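# Descriptive structure summary
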Amino acid sequence: MSNDRFWAWMNAMHSQAYFKAEQHYQEAMAICLQPKQAAFVAAKAREIRESWDGMGTVTIDETEAADWLPRKS
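Predicted model only: the values in this text are computed from it and were never measured.

## Re helix α2 (residues 35-52)
With 18 residues, α2 should cover 26 Å at 1.5 Å per step; its first-to-last C-alpha distance of 25 Å lies within 8% of that length. Restricting attention to buried positions, one finds in α2 the residues Ala 38, Ala 42 and Arg 49. Along the axis of α2, the buried positions cluster into a sector of 35°, meaning they face one direction only. Along α2, the residues that are exposed and aim more than 90 degrees away from the buried face are Lys 36, Phe 40, Ser 51 and Trp 52. Structurally, α2 contributes buried residues whose contacts are with α1 (3-32).

As structure tokens, this is what we get:
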């Protein structure tokens, strides 16, 4: 495997793992919290990721990894 293919693979795997982690916490909040509380937690998580950790939002909608996303109705 070339260096470029390795990093492309790693990026895809990390994107998939991040998406599943976000899906899991969203599902847990939907079960355990009121909608207003869940929205607050999601906003705080986004703030921590973007402001504290410097990680902007990344989407995989336009990549080969889009098949990991739930189908839009």
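Moving on from the model shown.
## Focus: the packing of aromatic side chains
As enumerated under the stated definition, the model contains one aromatic pair in all. Here Phe 6 and Trp 7 contribute two aromatic rings whose centre-to-centre distance is 5.0 Å and whose plane-to-plane angle is 75°, an arrangement assigned as edge-to-face.

## Quick word on a nonpolar patch on the surface
Nonpolar side chains collect at one region of the surface, where Met 1, Phe 6, Trp 7, Trp 9 and Met 13 lie side by side and expose about 560 Å² of accessible area between them. Summarising the element assignment, Met 13 is placed in helix α1. Judged by its relative accessible area of 31%, Met 13 is partly exposed.

Cut-offs and rules
- Residues numbered from 1 in each chain as written.
- Predicted model: local features only at pLDDT ≥ 70, side-chain atom pairs only at ≥ 80, totals over all residues.
- Heavy atoms only, no water.
- Helix = DSSP H or I, 4+ residues; strand = E, 2+ residues; numbered from the N terminus.
- Expected span 1.5 Å × (residues − 1).
- Buried < 20%, exposed > 50% of the residue type's maximum accessible area, 1.4 Å probe, protein only.
- Arc of directions from axis to C-beta.
- Contact = heavy atoms within 4.5 Å.
- Phe/Tyr/Trp six-rings, centres within 6.5 Å; stacked < 30°, edge-to-face > 60°.
- Patch = residues over 30% accessible without salt bridge, like charges linked within 9 Å, V, L, I, M, F, W, Y side chains within 5 Å.
- Areas by Shrake-Rupley, 256 points an atom, 1.4 Å probe, with all protein chains shown as cover.
- Salt bridge = Lys/Arg side-chain N within 4 Å of Asp/Glu carboxyl O.

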